[in-house]
Amino acid sequence: MYFRISARTLFTRIISLLIISGFVGYLFDQTFLVVSLVSLCLLAWHYNHLFKLIKWLWLGKSIAPPQANGIWGRIYDGLYRRIRKQRLKQKQLNERIRKFRDGAEALPDAALVLSTELIILWGNKKASQLLGVRWPEDVGLRINNLIRFPEFSKYLDDGDFDSPCLIISPINNELQLELRMMAYGSDQILLLARDISKIQRLEEMRRDFVANVSHELKTPLTVVRGYVEMVQASDAALEPHWQKAFTTIETQVSRMDRLVEQLLVLSRVENNVDADNHQQIDLSRLILTILEEVKWLNQDKNHAIHENISPNISINGNEHELKSACLNLISNAIAYTPANGVIAVTLRNDGNKIRFSVKDNGSGIKPEHVNRLTERFFRVDKSRSRNTGGSGLGLAIVKHVLNHHHGELSIESEWQKGSEFIICFSPEIAK
Ligand code: ADP
């Protein structure tokens, strides 16, 4: 129902009332008195309703307004309609909040809603089981007062919420948690915590398995290689088919040996075995040494290798790991560039970062493969990679080494034109 009223109607009604009362007064020869009395009654009626309205607004317990006729009836109806609409909206909002909470309670993860000042506003039951944050008891507390881990404080200070933060659960040190934070609405933050203990344990088992198998394979391979070399070195003339067989065995054993060696290096860098073994490394000297060492690798293909190494660039790191990463990039450029190619190896300090790059004019990589290059065992062309002695582990090793050295690998490549592999070390690691 919609009630229309205009100023004109109101005015007409008052004037009509005054004219009628004036006419009645005129009949009794008391025009002024009757008009004044009617006006006073009208005023008293309005004041009475104003008083009722104020009383109902401030003291009334019922949502239904007082009953009245005429214009005041319309006013009360209008107010009542508004209140009902507001109540309906509130009910719908409450229903939505309830559904959100039910959904958040059903999550297998802990969920906390925080203000932008990191004050706890809401949390689900899992939040109390995984993080020890109870709702509503802990509402109003800052999250970093309850989760006091240096890695979490650093995560909050850095403000880079694209990647997760790993912590041990504050209430159960057997649980490994992965925390993620994301903007939620315009002025809130959603914090999700997931129990990744099982995944971590499986990952550990996988790493141990690879490391143990690689280690166990080393001895039999050495024995086989020893016997093959012994037979080949003996004076006894071998029949041609035996000669061929032993040459093939030697090639395959060497391949397997290289693969096992790469697997061992990878599991070493993955497990960050050398974390405590970081020291000041003269990167310029290290790269010049590598370039000297790879000369023999370049003998067959005879690439022109241009060296552009700025002197005295040092970083804090592990020499063994850094050597392995840089060597992988240079030997890949040699392997995947056709003979007589051009390779540029550059090391320079860009002011805010140290940049090492290896650029070749070789086969290049198709854009769809670029993002997968650092996966273990990924090779664009398996048969070609096998011929070059590739295992598909080199760039995975580079990625892990860079994780320990605040470094980033970027790859720019154009199919059939060449590639550039660039490592940028952040200033944190530069000394
Ligand atoms: P691999 O031992 O097979 O060389 P890597 O992890 O070092 O393993 O490299 C993965 C794959 O990336 C290679 O198989 C190759 O296809 C491609 N690749 C690496 N470097 C280059 C390069 N400089 N030019 C072209 N392709 C490359």
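Calculation notes
- Residues numbered from 1 in each chain as written.
- Predicted model: local features only at pLDDT ≥ 70, side-chain atom pairs only at ≥ 80, totals over all residues.
- Heavy atoms only, no water.
- Pairing = 2+ DSSP bridges.
- Helix = DSSP H or I, 4+ residues; strand = E, 2+ residues; numbered from the N terminus.
- Axes fitted to C-alpha atoms, helices over the stretch in contact; angles between N-to-C directions.
- Domains from an automatic or database assignment.
- Expected span 1.5 Å × (residues − 1).
- Buried < 20%, exposed > 50% of the residue type's maximum accessible area, 1.4 Å probe, protein only.
- Polar contact = N/O pair within 3.5 Å; in protein donor to acceptor, adjacent residues only side chain to side chain.
- Phe/Tyr/Trp six-rings, centres within 6.5 Å; stacked < 30°, edge-to-face > 60°.
- Core = buried A, V, L, I, M, F, W, Y, C linked by side-chain atoms within 4.5 Å.
- Contact = heavy atoms within 4.5 Å.
- Patch = residues over 30% accessible without salt bridge, like charges linked within 9 Å, V, L, I, M, F, W, Y side chains within 5 Å.
- Areas by Shrake-Rupley, 256 points an atom, 1.4 Å probe, with all protein chains shown as cover.
- Salt bridge = Lys/Arg side-chain N within 4 Å of Asp/Glu carboxyl O.
- Lys, Arg positive; Asp, Glu negative; His and termini not counted.
- Charge placed at Lys NZ, Arg CZ, Asp CG, Glu CD.
- Parallel < 35°, antiparallel > 145°, perpendicular 65-115°, else oblique.
- Left-handed = near helix turned anticlockwise from the far one by under 90°.
- Nonpolar A, V, L, I, M, F, W, Y, C, P; charged D, E, K, R; others polar.

Colleague: Kindly report on the sheet that holds strand β2 (residues 120–123), identifying the contributing residues and their values.
Modeller: Within a beta sheet, neighbouring strands are joined by backbone hydrogen bonds and run either parallel or antiparallel to one another. Sheet architecture is open: five strands sit in the order β2-β1-β5-β4-β3, paired in antiparallel fashion. Each end of this open sheet is capped by a strand with a single partner; those strands are β2 and β3 (165–168). Each strand axis lies, on average, 25° off the axis of its neighbour in the sheet, ignoring direction. Relative to strand β5 (residues 188–195), strand β4 (residues 176–184) runs antiparallel, the two being bridged by eight bridges.

Colleague: Lay out the domain arrangement of the chain with the relevant residues and their values.
Modeller: Split into domains, the chain comes out as domain 1 (7–99), domain 2 (107–195), domain 3 (199–271) and domain 4 (276–431). Look at where the C-alpha atoms of domain 1 and domain 4 centre, and you get two points 85 Å apart.

Colleague: Describe helix α10 (residues 319–335), listing the residues and the values that go with them.
Modeller: Look at α10: 24 Å from first C-alpha to last across 17 residues, which is about the 24 Å you get at 1.5 Å a residue. Restricting attention to buried positions, one finds in α10 the residues E321, L322, S324, A325, C326, N328, L329, I330, S331, A333 and I334. Its side-chain oxygen 3.1 Å from the backbone nitrogen of H320, N318 forms the N-cap of α10.

Colleague: Quick rundown of the packing of aromatic side chains? Include the residues and the values.
Modeller: Under the criterion given, the structure shown has six aromatic pairs. Taking the centre distance of 6.2 Å and the plane angle of 35° together, the rings of W242 and F246 count as tilted. Remark: F246 and W242 occur in helix α8 (residues 240–270); sequence separation between them is four residues, near one turn of the helix. An aromatic cluster is defined as three or more aromatic residues linked by ring pairs; in this entry it consists of F100, W122, W135 and Y184.

Colleague: Let's hear about the nonpolar core: which residues, and what values?
Modeller: Formed by 42 residues in total, the largest nonpolar core has its most connected members in I287, I330, V345, F356 and F425. Listing elements by their share of this core, those giving two or more residues are α8, α9 (283–293), α10, β9 (342–349), β10 (354–360), α13 (394–403) and β12 (418–425). Split by domain, the residues of this core number at least three in each of domain 3 (199–271) and domain 4 (276–431). Setting aside anything within four residues of it in sequence, one finds F425 in contact with L283, I315, L322, K353, I354, L402, H405, H406 and G407. Residues A110, V133, F149 and L179 belong to the second largest nonpolar core, which totals 24 residues.

Colleague: Please set out a positive patch on the surface residue by residue, giving values where relevant.
Modeller: Positive charge collects at one region of the surface, where R81, R82, R84, K85 and K89 lie side by side. Inspection of the secondary structure assignment puts K89 in helix α3 (residues 70–106).

Colleague: Can you lay out the packing of helix α2 (residues 31–59) against α3 for me, pointing to particular residues and giving the numbers?
Modeller: Interhelical geometry of α2 versus α3 gives an angle of 20° and a closest axis separation of 11 Å. Taken together, the axes of α2 and α3 are roughly parallel relative to one another. Here α2 and α3 pass one another in a crossing that is right-handed. For the pair α2 and α3, the contacting residues are W45, H46, H49, L50, K52, L53 and W56 in the first and I71, W72, Y76, L79 and I83 in the second. Looking at the contact of α2 with α3 residue by residue, the classes come out as nine nonpolar, two polar and one charged.

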